[in-house]
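Each chain, letter by letter, is given below.
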Amino acid sequence: MDAAERLAQKIETLSRMFTDAEPASLRTGYLATNPSAGHPVLQGSTATALVPRWNEHPSGLLVPATSVPPAPIDLGAAYLTPDEIFGFELPADYAVRQLERLPLEGVIRFCAQVLNALELPGVSVQAVETHFAGEWLDEPVRSRVRNLLRDETRRLLVPQALMLLARRAMEVSPDTVPDDLPDGDIVGALFSLTQVLGHHPDPGPSVITDRPGTLGRELIANQHFHRSWSVPGVLARYARRWLQLPAEHHGEPGIVDLSQTYQDCTGARLEDLAAVAGYLWLRTTMGRFVIEPGELAGLTLPAQRVESVLMLITNDLPGMREAVHGERPEQRTEWSFDPFQQWPVIRLPEDRLLILDPRHLISRAFGWLPVFDIECPPPGRTKPTGHRKMAARAKQTLRHCSEVYVSEVLHTITRDEGTTRRVYDDAELKAAYTAPGQRIADAAIDYPGTWIVIEVTTTQLRREARTAVPGESQIQDIDKLVEELEQIDATITALRGDEAALTGAPAAAGDRRFLPLLVLPEGFPVNPITLTVIRERARRKGLLTRPDTDPVEIVDIEELEMIEALQEASGPSLLDILRSKQSGSLRNAAVRDHILHVMRVQPDAPARHAGMLDSALKPLVNALPQPQQSSSTS
C-alpha cells in the first residue's frame, strides 16, 4: 500500500469516526447554526441540515418552516417601555408633572393626531410609528426605537395609553400655561403611562379554570377595547338593522319605527345623525381631525337640525372635565373612557370640532349606542308620554332585527333558497318539538353527518365587565351566556331523539354529530381564557357533555359575514371552518383569528353589503352640497 492509498484510508477512517460510528444521542442532538442563512449545516460538520429552512416565531422560538401554525401568544403585540426606549425608567409621577405644564387643548390635539393617524384607511401601523419616532425622538434614541420596531410584534403607539393621556389631562392640565413656565414633555408623559399599564399587585391564579381571575379580567377588557371591525360592515349593518328591517316588519307585534322613535325621544333625526357623523368621519379619512368653524354650514341640512345632532355627540372642554371628574373612583380602571365614548367629538374654543378617535364616532352613531339616546334623552329635552315603554320597545325592536339579520346571513351562507332545506329557524323547531317545557334554540343547520345548533343573543358585556372593574361582573355576564347554552343543549337532545320530526325524513345512516354555536351580534372577547371558562362552566352544569357533541364555538356577526364572503368565493363551508378551527393551533382563539392567521385568507365584504352601504350613506350624500352644473349640462 503506497502513501496515497494509506492517506485515503485514513481519511475514510476519520470520516467514519465523525459519521457512521458516532453515538446515536449525538446524532439526534445536532443543532443547526445560523439558520437564517437559508442553508444551515450541522454543528461540527459540513453536512447540510435535513431541515433547510427555519422560521422565528414572535415568541423567539426557532421552528422548522413546515411548522408554521401560530399559537395564541403570537397574536399579541407588546408595547415598548421607557426602559427600552430611553434606557431607564421614568419616575412614577412623571406624566402628572408634565401634564401640569401642558395646556389641555394641546394635549387633546396631540392625542387626536396620533389616534386619527392610526385609523387612516389603508394605513400601515409600522409606517405611522416610524414617522412619529422620527418626529419625536432624537439620536441615538431614534435609531434604538426603529431597530426595536423591526420586530413586527412590538408597538410604540398604544391607543389605550393615548386615551389615558387624554383622560389624565382632563384632570390635571390647565387651560393655559404661563409663558415663563418650561414646556412639559408630552412624549415622555405618554411613554411613562405604558410603564405602569397592566401592573397589578395581585395577578391572581395563573391556571385557567371556571373563573377568569385578574389576568382574565384584564385580557377581556384588552380584547374588547382593541376589537377590530370593518367600518363599511358597521355602516351596512346599521342600514339593515336600524332602517330596513323595522320598515319591513312594520305592524308586527312589538316592532316600532326606530327612526321615528329616535326623533320623538331626542328631538334629532336619525338620518341627520348619520349625515353629520358621517361627514365628520369622512373628514378623518382625509387626514383631518379638527373641523373649522362654519364648515358644517356647507351641508344642506338646516342649522337647527345640525345643532340637534351636535348636542348629542359633542361636549366642550369644561364639560368633558366635569364628566371625567364625576366618574366614581371604584368604577375607574385603565380601560374606562365613558365620557369620550359618549361624546366622541369635542368642542374646542372658537367653535372648532375635534374628533378624538374615529372609532368612537362610528360606534356612537352607527352601532348599538344610539339606543341609549332613546333611553336617556339629552338634558332639557321633555320626555314623550310613555317614554319608558317606548324605549323598551325600541330596544326590543333592535334586538329582534339583529336576530333576523343573523338568520339572513345563515341562509346566505348555506345558500338555502328553499329548494333544499338546510337552515331551520326557531319557528320550524318550535313546530317540530312541542313537548311541555321544551326549550328551543334559534336555528339549526343540517350538514351531512352534523347538525350545527345555534343560539343568537344580543347580550353584551356590561360596562363593569368590559372595563375590568374588580368584582363578579365578568363571571355574571359569562353565566348569562352559559344559560343560553341550555337552549342549544335541549335542542340537541330533541334532534338526537327524533330528527325526522323536524326534517320530515328519516335520519341519515351513520352517527350524527352536533356542533353548538353561540352567535353574539355585538361581539364578545373570545380567547383561551374566556372560551375555557365558558366551556368549563357549561360542563359543570351538565351541558353539551355527550361524546357526540363538539366543544361550543362563539362568533360575532362580522365573523359570520367573513364566512359568507368566503362562500361567495366558493370557499370552505361554515362547518369546515369550525371543524378545522377545532383541530388547529388557534382552537381556543376567535374564529376570525383562525380565518386570518391559520387559513391565511382575507375575505372581502359580502356582495349584498354594497346596497346596504348605499342606504347608510344616503343621508350623507343628500346633505353634501351638489356641484354646480354648467348651463350646457342637462
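Residues numbered from 1 in each chain as written. Predicted model: local features only at pLDDT ≥ 70, side-chain atom pairs only at ≥ 80, totals over all residues. Heavy atoms only, no water.

Trainee: Would you mind going over the sheet that holds strand β13 (residues 553-555) with me for this structure?
Mentor: In a beta sheet, neighbouring strands pair by backbone hydrogen bonds and run either parallel or antiparallel. The strand order across the open sheet built from five strands is β9-β10-β11-β12-β13, with neighbouring strands paired in mixed fashion. Of all the strands in the sheet, the pair left with one neighbour each is β9 (423-425) and β13. Here the average twist between neighbouring strands, direction ignored, is 25 degrees. Sheet analysis places β9 next to strand β10 (residues 443-447), joined by three bridges and oriented antiparallel. (Pairing = 2+ DSSP bridges. Helix = DSSP H or I, 4+ residues; strand = E, 2+ residues; numbered from the N terminus. Axes fitted to C-alpha atoms, helices over the stretch in contact; angles between N-to-C directions.)

Trainee: Got a minute to help me understand the sheet that holds strand β7 (residues 345-348) in this structure?
Mentor: On the basis of which strands lie adjacent, the open sheet formed by four strands has the order β5-β8-β7-β6 and mixed pairing. This sheet does not close on itself; its edge strands, each paired only once, are β5 (290-291) and β6 (314-316). When β6 meets β7, the two strands line up parallel, connected through three bridges. From the neighbouring strand, Thr314 faces β7, where its bridge partner is Val345.

Trainee: Which parts of the structure should I look at to understand the environment of Ala221?
Mentor: Assignment of secondary structure puts Ala221 in helix α10 (residues 213-225). The exposure class assigned to Ala221 is buried, which follows from its relative accessible area of 0%. Here the alpha-carbon distance between Ala221 and Thr333, two residues 112 residues apart in the chain, equals 9.9 Å. Excluding anything up to four places from it in sequence, Ala221 contacts Trp335, Arg466, Thr467, Ala468 and Gln474. (Buried < 20%, exposed > 50% of the residue type's maximum accessible area, 1.4 Å probe, protein only. Contact = heavy atoms within 4.5 Å.)

Trainee: Which parts of the structure should I look at to understand the packing of aromatic side chains?
Mentor: What characterises a pair of aromatic rings is the spacing of the ring centres plus the angle enclosed by the ring planes. One pass over the structure, following the stated rule, counts nine aromatic pairs. Pairing Tyr238 with Phe366 gives two aromatic rings, centres 5.1 Å apart and planes at 85 degrees, and the pair type is edge-to-face. Linking Tyr238 in helix α11 (residues 231-248) with Phe366 in helix α17 (residues 358-366), this pair joins segments that are 128 residues apart in sequence. Like Phe366, Tyr238 is buried. (Phe/Tyr/Trp six-rings, centres within 6.5 Å; stacked < 30°, edge-to-face > 60°.)

Trainee: It is not clear to me how the confidence of the model for the protein should be interpreted in this structure. Could you clarify?
Mentor: As a general rule, the predicted coordinates of low-pLDDT regions are not to be interpreted in detail. Of the residues in the protein, 86% reach a pLDDT of 70 or more, and the chain-wide mean stands at 87. Predicted confidence for residues 17-38 stays below pLDDT 50, and this span has 24 contacts to residues more than four positions away or in other chains. Segment residues 630-634 is flagged for pLDDT under 50; beyond a separation of four residues in sequence, or across chains, it makes one contact in the model. (pLDDT = per-residue confidence, 0-100.)

Trainee: Teacher, can you tell me more about the environment of Ala443 here?
Mentor: You can see Ala443 is positioned in strand β10. Along the sequence, Ala443 and Ser407 sit 36 residues apart, while their C-alpha atoms lie 7.9 Å from each other. Setting aside its immediate chain neighbours within four residues, Ala443 contacts Leu410, Tyr424, Asp425, Leu429, Ile452, Val453 and Ile454.

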